[in-house]
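# Commentary on secondary and tertiary structure
Listed below, chain by chain, are the residues.
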Amino acid sequence: MSDPSAVLDDLRAEGDALDQLVGGLSEPQWSLVTPAPRWSIAHQVAHLAWTDTAALLSVTDPEAFAAETQKALESPGTFVDEGADAGAELPVDELLEWWRDGREQLQRALRAAPAGVRFPWYGPPMGAASMATGRLMETWAHGQDIADAVGVRRAPTARLRHVARIGVRARDYAFFVRGLDAPGEEFRVELTAPDGSGLWAYGPEDAAQRVTGPALDFCLLVTQRAHRADVAVRAEGADAERWLDIAQAFAGPAGEGRPASGPSSEGAGP
(Lines give C-alpha, C1' and ligand atoms only; values in the text may rest on other atoms or scores of the structure.)
Protein backbone atom coordinates (compact mmCIF):
# COMPACT_ATOMS: atom_id res chain seq x y z
CA MET A 1 0.00 0.00 0.00
CA SER A 2 2.14 2.89 -1.30
CA ASP A 3 -0.44 5.67 -1.81
CA PRO A 4 -1.90 6.55 1.60
CA SER A 5 -4.77 8.69 0.26
CA ALA A 6 -7.48 6.01 0.49
CA VAL A 7 -6.66 4.89 4.00
CA LEU A 8 -6.26 8.52 5.11
CA ASP A 9 -9.75 9.23 3.77
CA ASP A 10 -11.04 6.25 5.74
CA LEU A 11 -9.12 7.36 8.84
CA ARG A 12 -10.81 10.73 8.65
CA ALA A 13 -14.21 9.09 8.23
CA GLU A 14 -13.59 6.79 11.21
CA GLY A 15 -12.55 9.74 13.37
CA ASP A 16 -15.56 11.76 12.27
CA ALA A 17 -17.92 8.88 13.06
CA LEU A 18 -16.53 8.58 16.58
CA ASP A 19 -16.59 12.35 16.96
CA GLN A 20 -20.33 12.33 16.22
CA LEU A 21 -20.81 9.81 19.02
CA VAL A 22 -18.72 11.49 21.72
CA GLY A 23 -19.67 15.01 20.64
CA GLY A 24 -23.26 14.25 21.58
CA LEU A 25 -22.50 12.95 25.06
CA SER A 26 -23.41 14.84 28.20
CA GLU A 27 -20.57 15.86 30.49
CA PRO A 28 -21.45 13.21 33.10
CA GLN A 29 -21.31 10.52 30.40
CA TRP A 30 -17.62 11.24 29.85
CA SER A 31 -17.03 9.69 33.28
CA LEU A 32 -18.76 6.42 32.38
CA VAL A 33 -16.54 3.38 32.85
CA THR A 34 -15.63 1.51 29.66
CA PRO A 35 -14.68 -2.19 29.33
CA ALA A 36 -11.00 -1.21 29.66
CA PRO A 37 -10.12 -1.52 33.36
CA ARG A 38 -10.20 1.87 35.12
CA TRP A 39 -10.67 3.82 31.89
CA SER A 40 -13.61 6.18 31.42
CA ILE A 41 -14.80 7.54 28.08
CA ALA A 42 -12.58 10.55 28.77
CA HIS A 43 -9.60 8.20 29.14
CA GLN A 44 -10.39 6.58 25.80
CA VAL A 45 -10.52 9.89 23.92
CA ALA A 46 -7.45 11.13 25.78
CA HIS A 47 -5.55 8.02 24.70
CA LEU A 48 -6.50 8.62 21.07
CA ALA A 49 -5.44 12.26 21.32
CA TRP A 50 -2.18 11.26 23.01
CA THR A 51 -1.30 8.63 20.40
CA ASP A 52 -2.25 10.94 17.52
CA THR A 53 0.12 13.49 19.03
CA ALA A 54 2.85 10.84 19.29
CA ALA A 55 2.28 9.84 15.66
CA LEU A 56 2.50 13.48 14.58
CA LEU A 57 5.77 13.82 16.47
CA SER A 58 7.10 10.69 14.75
CA VAL A 59 6.31 12.14 11.33
CA THR A 60 7.50 15.69 11.97
CA ASP A 61 10.28 15.37 14.57
CA PRO A 62 11.77 11.84 14.82
CA GLU A 63 14.42 12.96 17.33
CA ALA A 64 11.79 14.28 19.72
CA PHE A 65 9.81 11.09 19.24
CA ALA A 66 12.89 9.07 20.17
CA ALA A 67 12.97 10.94 23.48
CA GLU A 68 9.34 9.98 24.06
CA THR A 69 10.05 6.32 23.37
CA GLN A 70 12.79 6.47 25.99
CA LYS A 71 10.15 7.47 28.53
CA ALA A 72 8.14 4.45 27.47
CA LEU A 73 11.14 2.19 27.99
CA GLU A 74 11.68 3.60 31.47
CA SER A 75 8.09 2.89 32.57
CA PRO A 76 6.70 0.29 30.14
CA GLY A 77 3.90 -0.79 32.43
CA THR A 78 2.50 2.66 33.20
CA PHE A 79 3.28 5.18 30.47
CA VAL A 80 0.10 4.51 28.47
CA ASP A 81 -2.11 4.88 31.54
CA GLU A 82 -0.22 8.00 32.61
CA GLY A 83 -0.93 9.64 29.25
CA ALA A 84 -4.61 8.73 29.42
CA ASP A 85 -4.89 9.89 33.04
CA ALA A 86 -3.42 13.29 32.24
CA GLY A 87 -5.73 13.85 29.29
CA ALA A 88 -8.81 12.64 31.13
CA GLU A 89 -8.32 15.38 33.71
CA LEU A 90 -8.85 18.09 31.09
CA PRO A 91 -12.21 19.81 30.74
CA VAL A 92 -14.29 18.01 28.11
CA ASP A 93 -14.18 20.87 25.61
CA GLU A 94 -10.38 21.10 25.87
CA LEU A 95 -10.00 17.35 25.47
CA LEU A 96 -12.20 17.35 22.39
CA GLU A 97 -10.27 20.27 20.91
CA TRP A 98 -6.95 18.48 21.52
CA TRP A 99 -8.19 15.31 19.84
CA ARG A 100 -9.74 17.11 16.88
CA ASP A 101 -6.71 19.32 16.30
CA GLY A 102 -4.30 16.40 16.54
CA ARG A 103 -6.31 14.32 14.06
CA GLU A 104 -6.28 17.10 11.51
CA GLN A 105 -2.58 17.91 11.93
CA LEU A 106 -1.70 14.23 11.51
CA GLN A 107 -3.82 14.06 8.36
CA ARG A 108 -1.93 16.97 6.84
CA ALA A 109 1.48 15.63 7.88
CA LEU A 110 0.89 12.14 6.47
CA ARG A 111 -0.53 13.48 3.20
CA ALA A 112 2.55 15.68 2.79
CA ALA A 113 5.05 12.95 3.67
CA PRO A 114 7.43 11.95 0.86
CA ALA A 115 6.75 8.57 -0.70
CA GLY A 116 8.80 5.74 0.74
CA VAL A 117 9.72 7.44 4.02
CA ARG A 118 9.31 5.28 7.13
CA PHE A 119 8.58 6.73 10.54
CA PRO A 120 9.66 5.38 13.95
CA TRP A 121 7.03 3.88 16.23
CA TYR A 122 6.72 1.82 19.39
CA GLY A 123 6.78 -1.24 17.15
CA PRO A 124 8.45 -1.53 13.73
CA PRO A 125 8.92 1.69 11.66
CA MET A 126 6.01 2.45 9.34
CA GLY A 127 5.30 4.30 6.13
CA ALA A 128 2.48 6.84 5.85
CA ALA A 129 -0.13 4.27 4.77
CA SER A 130 0.77 1.87 7.58
CA MET A 131 0.77 4.70 10.11
CA ALA A 132 -2.70 5.73 8.96
CA THR A 133 -3.89 2.12 9.11
CA GLY A 134 -2.64 1.82 12.68
CA ARG A 135 -4.39 5.02 13.69
CA LEU A 136 -7.63 3.83 12.07
CA MET A 137 -7.39 0.51 13.91
CA GLU A 138 -6.92 2.25 17.26
CA THR A 139 -9.71 4.75 16.56
CA TRP A 140 -12.11 1.94 15.73
CA ALA A 141 -11.07 -0.25 18.68
CA HIS A 142 -11.25 2.48 21.31
CA GLY A 143 -14.45 3.65 19.67
CA GLN A 144 -15.82 0.18 20.36
CA ASP A 145 -15.01 0.62 24.05
CA ILE A 146 -16.90 3.92 24.05
CA ALA A 147 -19.86 2.50 22.15
CA ASP A 148 -20.09 -0.39 24.60
CA ALA A 149 -20.01 2.00 27.54
CA VAL A 150 -23.02 3.96 26.27
CA GLY A 151 -24.84 0.93 24.85
CA VAL A 152 -24.62 1.96 21.20
CA ARG A 153 -24.46 -0.63 18.44
CA ARG A 154 -22.23 0.65 15.64
CA ALA A 155 -22.90 -0.49 12.09
CA PRO A 156 -19.75 -2.13 10.68
CA THR A 157 -18.37 -0.54 7.53
CA ALA A 158 -15.96 -1.42 4.75
CA ARG A 159 -13.33 0.52 6.72
CA LEU A 160 -12.89 -2.66 8.74
CA ARG A 161 -10.85 -3.97 5.82
CA HIS A 162 -7.91 -1.96 7.17
CA VAL A 163 -8.33 -3.41 10.66
CA ALA A 164 -8.55 -6.94 9.29
CA ARG A 165 -5.46 -6.45 7.16
CA ILE A 166 -3.32 -5.22 10.04
CA GLY A 167 -4.64 -8.07 12.19
CA VAL A 168 -3.51 -10.62 9.60
CA ARG A 169 -0.14 -8.96 9.13
CA ALA A 170 0.45 -8.88 12.90
CA ARG A 171 0.13 -12.67 13.22
CA ASP A 172 3.82 -13.34 13.80
CA TYR A 173 4.11 -10.39 16.19
CA ALA A 174 1.41 -11.93 18.40
CA PHE A 175 3.60 -15.01 18.78
CA PHE A 176 6.81 -13.02 19.21
CA VAL A 177 5.49 -10.76 21.97
CA ARG A 178 4.63 -13.87 23.98
CA GLY A 179 8.04 -15.45 23.45
CA LEU A 180 6.66 -18.08 21.06
CA ASP A 181 7.97 -19.25 17.70
CA ALA A 182 5.79 -18.05 14.84
CA PRO A 183 4.34 -20.68 12.50
CA GLY A 184 6.56 -21.48 9.55
CA GLU A 185 3.73 -21.45 7.02
CA GLU A 186 1.18 -18.92 5.88
CA PHE A 187 -2.48 -19.29 6.77
CA ARG A 188 -5.47 -18.70 4.55
CA VAL A 189 -7.81 -16.12 6.11
CA GLU A 190 -11.28 -15.69 4.59
CA LEU A 191 -13.58 -13.08 6.12
CA THR A 192 -17.14 -12.25 5.14
CA ALA A 193 -17.48 -8.55 4.32
CA PRO A 194 -19.76 -6.57 6.69
CA ASP A 195 -22.40 -6.10 3.99
CA GLY A 196 -22.26 -9.77 2.99
CA SER A 197 -21.09 -8.87 -0.51
CA GLY A 198 -18.15 -11.26 -0.62
CA LEU A 199 -14.94 -12.40 1.03
CA TRP A 200 -11.84 -10.56 2.12
CA ALA A 201 -9.14 -13.14 1.54
CA TYR A 202 -5.50 -13.24 2.65
CA GLY A 203 -2.82 -15.88 2.15
CA PRO A 204 -2.54 -18.76 -0.33
CA GLU A 205 -5.75 -20.51 -1.32
CA ASP A 206 -4.18 -23.94 -0.80
CA ALA A 207 -2.85 -23.25 2.71
CA ALA A 208 -3.25 -26.21 5.04
CA GLN A 209 -4.33 -24.00 7.96
CA ARG A 210 -7.27 -21.62 7.68
CA VAL A 211 -9.21 -18.99 9.58
CA THR A 212 -12.75 -18.09 8.55
CA GLY A 213 -15.61 -15.97 9.85
CA PRO A 214 -17.30 -12.56 9.72
CA ALA A 215 -14.92 -9.64 9.25
CA LEU A 216 -16.46 -7.79 12.20
CA ASP A 217 -15.86 -10.73 14.52
CA PHE A 218 -12.27 -11.11 13.36
CA CYS A 219 -11.63 -7.40 13.95
CA LEU A 220 -13.16 -7.56 17.43
CA LEU A 221 -10.93 -10.54 18.17
CA VAL A 222 -7.60 -9.15 16.93
CA THR A 223 -8.18 -5.83 18.69
CA GLN A 224 -9.08 -7.81 21.83
CA ARG A 225 -12.53 -6.23 22.03
CA ALA A 226 -14.17 -9.66 22.23
CA HIS A 227 -13.24 -13.03 23.68
CA ARG A 228 -12.77 -15.83 21.21
CA ALA A 229 -15.71 -17.70 22.74
CA ASP A 230 -18.02 -14.83 21.78
CA VAL A 231 -17.20 -14.54 18.08
CA ALA A 232 -17.91 -16.73 15.08
CA VAL A 233 -14.29 -17.03 13.92
CA ARG A 234 -13.10 -20.57 13.29
CA ALA A 235 -9.67 -22.12 12.74
CA GLU A 236 -8.45 -25.25 10.98
CA GLY A 237 -5.02 -26.40 12.14
CA ALA A 238 -3.20 -26.37 15.46
CA ASP A 239 -1.17 -23.23 14.78
CA ALA A 240 -4.23 -21.36 13.51
CA GLU A 241 -6.09 -22.40 16.66
CA ARG A 242 -3.24 -21.07 18.80
CA TRP A 243 -3.16 -17.80 16.89
CA LEU A 244 -6.83 -17.07 17.55
CA ASP A 245 -6.16 -17.49 21.27
CA ILE A 246 -3.40 -14.84 21.27
CA ALA A 247 -4.12 -12.59 18.28
CA GLN A 248 -3.46 -8.87 18.64
CA ALA A 249 -3.37 -6.13 16.04
CA PHE A 250 -1.58 -3.57 18.22
CA ALA A 251 2.05 -2.99 19.15
CA GLY A 252 3.25 -3.42 22.68
CA PRO A 253 2.88 -6.07 25.39
CA ALA A 254 0.29 -8.79 25.06
CA GLY A 255 -3.03 -7.64 26.42
CA GLU A 256 -5.37 -9.69 28.58
CA GLY A 257 -8.35 -8.94 26.35
CA ARG A 258 -11.95 -9.14 27.43
CA PRO A 259 -13.40 -12.04 29.36
CA ALA A 260 -15.91 -14.39 27.75
CA SER A 261 -19.53 -13.27 27.32
CA GLY A 262 -18.46 -10.03 25.67
CA PRO A 263 -19.79 -8.72 22.36
CA SER A 264 -21.79 -11.13 20.24
CA SER A 265 -20.90 -12.00 16.67
CA GLU A 266 -23.01 -9.03 15.60
CA GLY A 267 -21.00 -6.56 17.66
CA ALA A 268 -23.29 -6.10 20.63
CA GLY A 269 -21.93 -4.62 23.83
CA PRO A 270 -20.59 -6.71 26.71
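Residues numbered from 1 in each chain as written. Predicted model: local features only at pLDDT ≥ 70, side-chain atom pairs only at ≥ 80, totals over all residues. Heavy atoms only, no water.

## Some remarks on the overall build of the chain
- Helix and strand content of the chain: 10 helices and 4 strands.
- When the helices and strands of the chain are placed in sequence order, the string is α-α-α-α-α-α-α-α-β-β-β-α-β-α.
- Its C-alpha atoms give the chain a radius of gyration of 18 Å, within 12% of the compact-globule value 18 Å for 270 residues.
- Projected onto its principal axes, the C-alpha positions of the chain cover 50 × 40 × 35 Å. (Helix = DSSP H or I, 4+ residues; strand = E, 2+ residues; numbered from the N terminus. Rg over C-alpha atoms; globule rule 2.2 N^0.38 Å.)

## Some thoughts on a negative patch on the surface
- A contiguous patch of negative charge on the surface is contributed by Glu 27, Asp 93, Glu 94, Glu 97 and Asp 101.
- On the secondary structure map, Glu 94 appears in helix H5 (residues 92-112). (Patch = residues over 30% accessible without salt bridge, like charges linked within 9 Å, V, L, I, M, F, W, Y side chains within 5 Å. Areas by Shrake-Rupley, 256 points an atom, 1.4 Å probe, with all protein chains shown as cover. Salt bridge = Lys/Arg side-chain N within 4 Å of Asp/Glu carboxyl O. Lys, Arg positive; Asp, Glu negative; His and termini not counted. Charge placed at Lys NZ, Arg CZ, Asp CG, Glu CD.)

## Describing the packing of helix H1 (residues 5-23) against H5
- Two elements in contact, H1 and H5, have axes whose closest approach is 11 Å; the angle formed by their N-to-C orientations is 175 degrees. The angle between H1 and H5 places the two elements in the roughly antiparallel class. In this structure, H1 uses Ser 5, Leu 8, Asp 9, Leu 11, Arg 12, Gly 15, Asp 16, Leu 18, Asp 19, Val 22 and Gly 23 to contact H5, whose residues at the interface are Leu 96, Trp 99, Arg 100, Arg 103, Glu 104, Gln 107, Leu 110 and Arg 111. (Axes fitted to C-alpha atoms, helices over the stretch in contact; angles between N-to-C directions. Parallel < 35°, antiparallel > 145°, perpendicular 65-115°, else oblique. Contact = heavy atoms within 4.5 Å.)

## Considerations on the packing of aromatic side chains
- Under the definition given, this model contains 8 aromatic pairs.
- Ring centres of Phe 65 and Trp 121 lie 5.6 Å apart, and the angle between their planes is 5 degrees; on these two criteria the pair is classed as stacked. Residue Phe 65 is located in helix H3 (residues 62-74), and its partner Trp 121 is located in the loop between H5 and helix H6 (128-150); the two are separated by 56 residues in the primary sequence.
- On the basis of an interplanar angle of 65 degrees and a centroid distance of 5.0 Å, the ring pair of Trp 121 and Tyr 122 is categorised as edge-to-face.
- Residue Trp 121 is classed as buried on the basis of its relative accessible area of 16%.
- Positioned over the ring face of Trp 99 is Arg 103, at 4.2 Å from the centre of the ring. (Phe/Tyr/Trp six-rings, centres within 6.5 Å; stacked < 30°, edge-to-face > 60°. Buried < 20%, exposed > 50% of the residue type's maximum accessible area, 1.4 Å probe, protein only. Lys NZ or Arg CZ within 6 Å of the ring centre and 35° of its normal.)

## Here we look at the confidence of the model for the chain
- On average, the chain scores 92 in pLDDT, and the residues at 70 or more come to 96%.
- With pLDDT under 50 throughout, residues 262-270 is counted as low confidence; its partners more than four residues away or in other chains account for 32 contacts. (pLDDT = per-residue confidence, 0-100.)

## Structural notes on the environment of Glu 68
- Note on placement: Glu 68 falls in helix H3.
- Exposure remark for Glu 68: the relative accessible area of 29% places this residue in the partly exposed category.
- Distance in space between the C-alpha atoms of Glu 68 and Tyr 122 is 9.8 Å, their sequence separation being 54 residues.

## Overview of the side chain of Glu 14
- With respect to the helices and strands, Glu 14 occurs in helix H1.
- Looking at Glu 14, the relative accessible area reads 6%, which means it is buried.
- The residues touching Glu 14, leaving out its near neighbours within four places in the chain, are Leu 136, Thr 139, Trp 140, Arg 154 and Arg 159.

## Focus: the pattern of salt bridges
- Counted by the stated rule, this structure contains 20 salt bridges.
- Residues Arg 135 and Asp 52 are paired through a salt bridge, measuring 2.8 Å at the closest nitrogen-oxygen approach. Here Arg 135, found in helix H6, pairs with Asp 52, found in helix H2 (residues 41-60); they are 83 residues apart in sequence, far enough to count as distant. No difference in accessibility class separates Arg 135 from Asp 52, as the two residues are buried.
- Note that Glu 68 and Lys 71 form a salt bridge whose closest N and O atoms lie 3.1 Å from each other. Here the residue Glu 68 and the residue Lys 71 both occupy positions in helix H3, the gap between them amounting to 3 residues, near one helical turn.
- Of the residues examined, Lys 71 reaches a relative accessible area of 47% and is grouped as partly exposed.
- Through salt bridges with shared partners, a single ionic network connects Asp 16, Asp 19, Arg 100 and Arg 103.

## Side note on the sheet that holds strand S1 (residues 188-192)
- The 4 strands are arranged S2-S1-S3-S4 in an open sheet whose pairing can be described as mixed. The sheet terminates laterally at strand S2 (199-202) and strand S4 (234-236), the two strands that pair on one side only. The mean angle between the axes of side-by-side strands here comes to 15 degrees, regardless of whether they run parallel or antiparallel.
- When S1 meets S2, the two strands line up antiparallel, connected through 4 bridges. The partner of Leu 191 across the bridge, within S2, is Trp 200.
- Its contacts with the sheet put helix H7 (residues 160-169) on S1 and S2, and the angle it makes with S2 is roughly 25 degrees.
- Its contacts with the sheet place helix H9 (residues 215-222) against S1, S2 and strand S3 (210-214), and it is angled at close to 110 degrees to S3. (Pairing = 2+ DSSP bridges.)

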